[in-house]
Amino acid sequence: MSIACPRTRAGEIRPGSACRTHFAIPWVAVCTAPRSTSPIWGFKKNVTPYITRMKYSMRNPVVALLLVVGFSGYLVAQDLGPNARIQRKLKEGIEPPAGSVAIVDSKIVTRKEFVDALHARFASHTKGKQAIQNLISRKVIAKHLKERNLEVTDQEVDALYSKLDNQIKEQTKGANDMASILTKQGMSKRSMMTLLRTNCALEKLAGKDFEKTNPTKVEQEQWLRSKTRDARVILDPRELPENAAAKIYDGFITKEEFAANILLILNREDAVKLVEAIMQAKLARLVCAKAGIEIGASDVDRVYDGIRAGFEADPRYEGMNFKDFVKERYGMSPASHKSSANFQREVCITCYGEKTITKETASELYKKNIDHFGPKFHLRHIIIRGSDDPKLKDKLPTLAAALNMAQDVKKRIDSGSMTFEEAARMFSQDARSKFKNGEWDVFTPARLRNITGGETMLKLPAKGISGPLKFAGGYRIIKLWKKTPIPPMSPTVANELRKQTAREAFNKAWKNAKRGYDLTKLMN
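Fair warning: this is a prediction, and the values are worked out from it, not measured in the lab.

### What to know about the pattern of salt bridges
If you walk through the whole model with that rule in mind, you get 35 salt bridges. Residue Arg 432 is joined to Asp 430 by a salt bridge in which the shortest nitrogen-to-oxygen separation is 3.9 Å. You can call Asp 430 buried: its relative accessible area is 7%. The salt bridge involving Arg 447 is made with Asp 441; its shortest N-O contact spans 3.4 Å. For Arg 447, a relative accessible area of 13% corresponds to the buried category.

The following block contains the structure:
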């Protein structure tokens, strides 16, 4: 049995790839002038000619489709560069039974379970708060539209759709149109038409009150804010029934409505991650049950209390409140995090390892997998980037040029004209490490053997410096600045072994499980 490296948690079950998360840009306010927080209606002539993935910042110039402050509909923008993240399919694997969104072996994820999980995960999140505000705004608009006997005709909505379609074609020089953009985002035309209808309705309502045929966007925003303040909104879950996300006027916004709206805001990757997390939590309990292990509330509390105690004892988090830490990292309260699918899965993994791996077994695994624990190589590096990819010729030097530069840096270090640390600060092209003397990471022999040039690094003497070593992004110069001995067998090491062994068992179960999900109906 092989053990994944504890430090990297290799082999851990993770729903989706690990990557940076970017907030989506709303359809409702997607065109802004640089260095301005004021939303501008429609397209600008100088906007980017394609839809790019942007961070949630109103300072970025981005392509606009709509501006209706506070109602539903977000564009999940695509990264068109060489490192573009591929959006996963909304439907994959075997067909889930009717009334469910996913199945893993004999366990199903019902639509209600998924909806509840979406609400628990995102209700306190920035995106969730925006989704609720979107729904509130739509309810306000719908109420006043009915009271004033106003309507938006299909012809008006079709005309706006055509206008936006033509603008997209013009901005992208025919490379895209509305249909292709919606397809890329996993959004149906029906959903888009609903947003356009709401847009037309707001313009009519504001125009009536301001006695104008074409009210400005600022006036529309003012109208919506004013009417929302009078809507008697209740958001406190303690004052709401179990299936409600909010109350407005004398009616409720259901969690089902919240789910439909947040799924417009989320990209496919986030939606698939969440449903897979629920599937994995169910599979983890199933694996435990087959091993005769029951997971109770006391186990959940015990594991969570252990995590909190470890946090409070860690000097890196001195002065930080655990509740605030959980809120910042996960966007949830500790109670919501404790009940989340990801944490429930980890509880199962912990309990499985505790119950199936004895002290003697852990000791045997430690000896068998000693390379995963030490000795530990503390490395620093200097990165010189380069590529022979024609697509990157204007961004990076060739590999030959990068090698020449790396060799020159190495000569400076060898001659004593500068230290390795000085060279790292001056020449390294790794922003995360260059101003930290090139600090890279701590590696075990097992980890190093999985890295390009790792065998050379294993042979470095203490304080030794390697010549330029080629890797996927260019060349590295490595310094072994410290080497620490293999840690002795201890309760901490034994617990890590138990978790990693259990994780391998769950990875195998996940790989072999008959599973599938279908989110197309929910996201369209």
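So much for the structure itself; the text now carries on.
### Considering the packing of aromatic side chains
Centre-to-centre distance and the angle between the planes together describe a pair of aromatic rings. Following the criterion strictly, the structure yields nine aromatic pairs and no others. Geometry around Trp 510 places Arg 515 over its ring, the cationic atom sitting 4.1 Å from the centre.

### Remarks on the sheet that holds strand E9 (residues 439-443)
Reading across from one edge, E9-E8-E11-E10 is the order of the four strands in this open sheet, with antiparallel pairing throughout. Every interior strand has two partners, whereas the edge strands, E9 and strand E10 (469-471), have only one. Direction aside, neighbouring strands of the sheet carry axes that sit 40 degrees apart on average. In the sheet, E10 pairs with strand E11 (residues 474-484) via three bridges, with the strands oriented antiparallel. Bridge pairing in E11 links Lys 470 to Tyr 475. Packing against the sheet, helix H14 (residues 399-415) makes contact with strand E8 (376-385), E10 and E11, and its axis sits at approximately 40 degrees to E11. Taken strand by strand, helix H15 (residues 420-427) contacts E8 and E11, and its axis lies near 40 degrees from that of E8.

### Points about the environment of Pro 445
Mapped onto the fold, Pro 445 is located in helix H16 (residues 445-448). Taking C-alpha positions, Pro 445 is 8.1 Å from Phe 373, a pair spaced 72 residues apart along the chain. Residue contacts for Pro 445: discarding those within four places in its chain leaves Asp 371, Gly 374, Pro 375, Phe 377 and Leu 458.

### Concerning the pairing of strand E12 (residues 515-518)
Pairing of strand E3 (residues 91-93) with E12 involves three bridges; the strand directions are antiparallel. Bridge assignment links Gly 93 to a residue of E12, and that residue is Gly 516. Where strand E4 (residues 100-104) meets E12, three bridges bridge the pair, whose relative direction is antiparallel. Bridge assignment links Val 104 to a residue of E12, and that residue is Arg 515.

### Comments concerning helix H3 (residues 154-171)
Under the 1.5 Å per step criterion, the end-to-end length of H3 is 26 Å for 18 residues, consistent within 8% with the ideal 26 Å. Every buried residue belonging to H3 is among Val 157, Leu 160, Tyr 161, Leu 164, Asp 165, Gln 167, Ile 168 and Gln 171, and all of these are buried. Take H3 and look down its axis: the buried residues cluster within an arc of 165 degrees, on one side only. Seen from the open side of H3, the exposed residues pointing more than 90 degrees away from its buried face are Gln 155 and Glu 170. Looking one or two places after H3, you find Lys 173, whose phi comes out positive at around 55 degrees.

### Quick look at the state of the cysteines
Tallied over the entire structure, the rule returns zero disulfides. Just so you know, Cys 288 is unpaired, no disulfide at all, and the nearest cysteine sulfur is the one on Cys 348, 4.4 Å from it. We classify Cys 288 as buried; its relative accessible area is 0%. Judged by its relative accessible area of 0%, Cys 348 is buried.

### Let's talk about unusual backbone geometry
The amide bond that connects Gly 374 to the next residue, Pro 375, takes the cis arrangement and shows omega of 0 degrees. Residue position: Pro 375 is located in the loop between helix H13 (359-368) and E8. The phi dihedral of Lys 173 is positive, around 55 degrees, even though this residue is not glycine. With respect to the helices, strands and loops of the structure, Lys 173 is situated in the loop between H3 and helix H4 (178-185). With a relative accessible area of 80%, Lys 173 lands in the exposed category. Unusually for a residue other than glycine, Tyr 249 sits at a positive phi of about 55 degrees. The topology assignment puts Tyr 249 in the loop between strand E6 (244-248) and strand E7 (251-254). A relative accessible area of 13% means that Tyr 249 is categorised as buried.

Basis of the calculations
- Residues numbered from 1 in each chain as written.
- Predicted model: local features only at pLDDT ≥ 70, side-chain atom pairs only at ≥ 80, totals over all residues.
- Heavy atoms only, no water.
- Salt bridge = Lys/Arg side-chain N within 4 Å of Asp/Glu carboxyl O.
- Buried < 20%, exposed > 50% of the residue type's maximum accessible area, 1.4 Å probe, protein only.
- Phe/Tyr/Trp six-rings, centres within 6.5 Å; stacked < 30°, edge-to-face > 60°.
- Lys NZ or Arg CZ within 6 Å of the ring centre and 35° of its normal.
- Pairing = 2+ DSSP bridges.
- Helix = DSSP H or I, 4+ residues; strand = E, 2+ residues; numbered from the N terminus.
- Axes fitted to C-alpha atoms, helices over the stretch in contact; angles between N-to-C directions.
- Contact = heavy atoms within 4.5 Å.
- Expected span 1.5 Å × (residues − 1).
- Arc of directions from axis to C-beta.
- Disulfide = S-S within 2.5 Å.

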